[in-house]
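One letter stands for each residue in the lines below.
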Number of protein chains: 2
Amino acid sequence: MAGRPRSIEADAAILEATLEEYKHCGYGGLCVDAVAARAGVSKATIYRRYASKLDLVMASTVAAVPDATSQPDTGSLRGDLIQRLHALRDLLHGTGRVMRRLVSERGDYAELDAAHAQFVAERRAATASLIERAIARGEIAADVDVAFVSDLLAGPLFYRFLVHDDVVDDTYIERVVDAALGAV
Amino acid sequence: MAGRPRSIEADAAILEATLEEYKHCGYGGLCVDAVAARAGVSKATIYRRYASKLDLVMASTVAAVPDATSQPDTGSLRGDLIQRLHALRDLLHGTGRVMRRLVSERGDYAELDAAHAQFVAERRAATASLIERAIARGEIAADVDVAFVSDLLAGPLFYRFLVHDDVVDDTYIERVVDAALGAV
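Residues numbered from 1 in each chain as written. Chains lettered and ligands numbered in written order. Predicted model: local features only at pLDDT ≥ 70, side-chain atom pairs only at ≥ 80, totals over all residues. Heavy atoms only, no water.

Next up on the list: the relation of the copies chain A and chain B. For the pair chain A and chain B, the relating rotation is 180°, the translation along its axis is 0.0 Å, and the fit reaches an RMSD of 0.0 Å. Taken together, the turn and the small shift mark the pair as related by a two-fold rotation axis. Looking at the rotation axis and the C-alpha trace of chain A, the residue lying nearest is Gly155(A), at 2.1 Å. Here 100% of the contact residues of chain A are again contact residues in chain B; the copies associate through an equivalent surface. (Least-squares fit on C-alpha atoms with pLDDT ≥ 70 in both. Contact = heavy atoms within 4.5 Å.)

Below, the structure written as structure tokens:
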């Protein structure tokens with residue numbers, strides 16, 4: 001028990017060091033020795049927690065993003081989706097270069113692709129469940145194409161973040177949500 | 001004059017070799033020696049054509065994408081935007097990993113950022129001019145937010161290409177255009 005605070009500290013240092021190394025070296029170049037040196041722990045300490053480099057990278061990415069399981073419940077689909085896009089904006093700004101790196105490495109490493117696809121699928125499923133809840137309470141039509149609406153919501157934010165740097169403010173988010181809802 | 005076909009061949013080899021090196025090594029790691037070796041030309045041949053590494057990378061990127069200046073003119077905004085998104089889809093598939101690399105390196109090299117921003121601005125201006133033509137002929141309201149519509153059009157395609165791999169077929173493109181036009 002006495003070791004617990006120190007262990008938590010080591011955990012945080014390992015995850016932070018992993019993100020730094022990943023940003024600079026990518027998945028192929030990421031070296032557990034370098035993570036250990038940066039975090040000030042031994043390689044053994046890392047391998048006691050993470051069985052593989054993949055586990056390490058995915059754990060550090062997931063730790064860096066807001067929790068997708070905390071679902072908004074504002075009472076209206078519009079309100080829920082606005083909150084959801086606020087969380088996406090936080091995720092994009094919070095992960096920054098790590099997100100760019102993940103995007104650029106898609107197709108390079110099968111194991112990373114699989115983990116990344118699962119991560120994306122979980123977050124899209126969380127958005128889908130908001131839409132399905134609105135269908136259940138009769139707020140929108142039952143035949144809405146949930147994947148398409150999800151693209152209309154997330155697409156503009158990713159595009160601004162990844163391709164050009166126009167600001168995504170609260171008004172912009174509301175307009176994106178209204179455009180997506182207008183299409184269904 | 002006798003040297004012309006050979007010179008054109010060398011040009012194509014240089015641009016292709018640059019894209020390959022860029023995909024694998026990024027901007028920081030791209031080495032003109034490696035481009036010369038891969039293209040089978042001398043470094044002097046490259047530097048006679050391109051004053052800098054930046055010129056070389058941007059020339060090879062621009063050469064790889066469909067010409068943005070060939071504007072569609074179908075008679076309707078909907079038709080024009082559908083053609084425009086077909087061209088964007090071709091661009092994304094045609095550039096593939098080069099596009100991912102460009103996206104991931106934003107913020108890393110000021111000179112590359114500036115060239116990339118100009119490239120994006122030119123293509124967005126080409127889309128804007130289609131919308132402005134439709135305003136001029138009274139097809140849509142004059143107070144349309146052109147940048148916003150442009151995000152609604154390009155966002156979903158970039159998102160599918162960069163984040164998840166659902167297919168962008170002709171029907172998808174039509175639905176994206178209809179959603180964007182429905183929002184204005």
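Below, the discussion takes up the layout of surface pockets. Roughly 370 Å³ of volume is contained in the largest pocket. Lining the largest pocket are 27 residues, and of these Gly26(A), Arg101(A), Ser104(A), Glu105(A) and Arg101(B) sit closest to its centre. Breaking the lining of the largest pocket down by element, the ones donating at least two residues are α1 (4-29) and α6 (97-104) of chain A together with α1 (4-29) and α6 (97-104) of chain B. (1 Å grid on protein atoms, 1.4 Å probe; cavity = no way out; pocket = protein on both sides within 12 Å on 5 of 7 lines; lining within 4 Å. Points joined across faces, edges and corners; volume = space filled by probe spheres on them. Helix = DSSP H or I, 4+ residues; strand = E, 2+ residues; numbered from the N terminus.)

Turning next to the packing of aromatic side chains. Ring pairs (aromatic) are described by centroid distance and by the angle formed between their planes. Evaluation of the coordinates by the stated rule reveals six aromatic pairs over all chains. Plain terms: the ring middles of Phe158(A) and Tyr159(B) are 5.0 Å apart, the flat faces sit at 40° to each other, and that makes the pair tilted. One end of the pair, Phe158(A), is in helix α8 (residues 146-162); the other, Tyr159(B), is in helix α8 (residues 146-162), on a second chain. Across the pair, exposure class does not vary: Phe158(A) and Tyr159(B) are buried alike. Between the NZ or CZ atom of Arg100(B) and the centre of the ring of Phe161(B), over which it lies, the distance is 4.7 Å. (Phe/Tyr/Trp six-rings, centres within 6.5 Å; stacked < 30°, edge-to-face > 60°. Buried < 20%, exposed > 50% of the residue type's maximum accessible area, 1.4 Å probe, protein only. Lys NZ or Arg CZ within 6 Å of the ring centre and 35° of its normal.)

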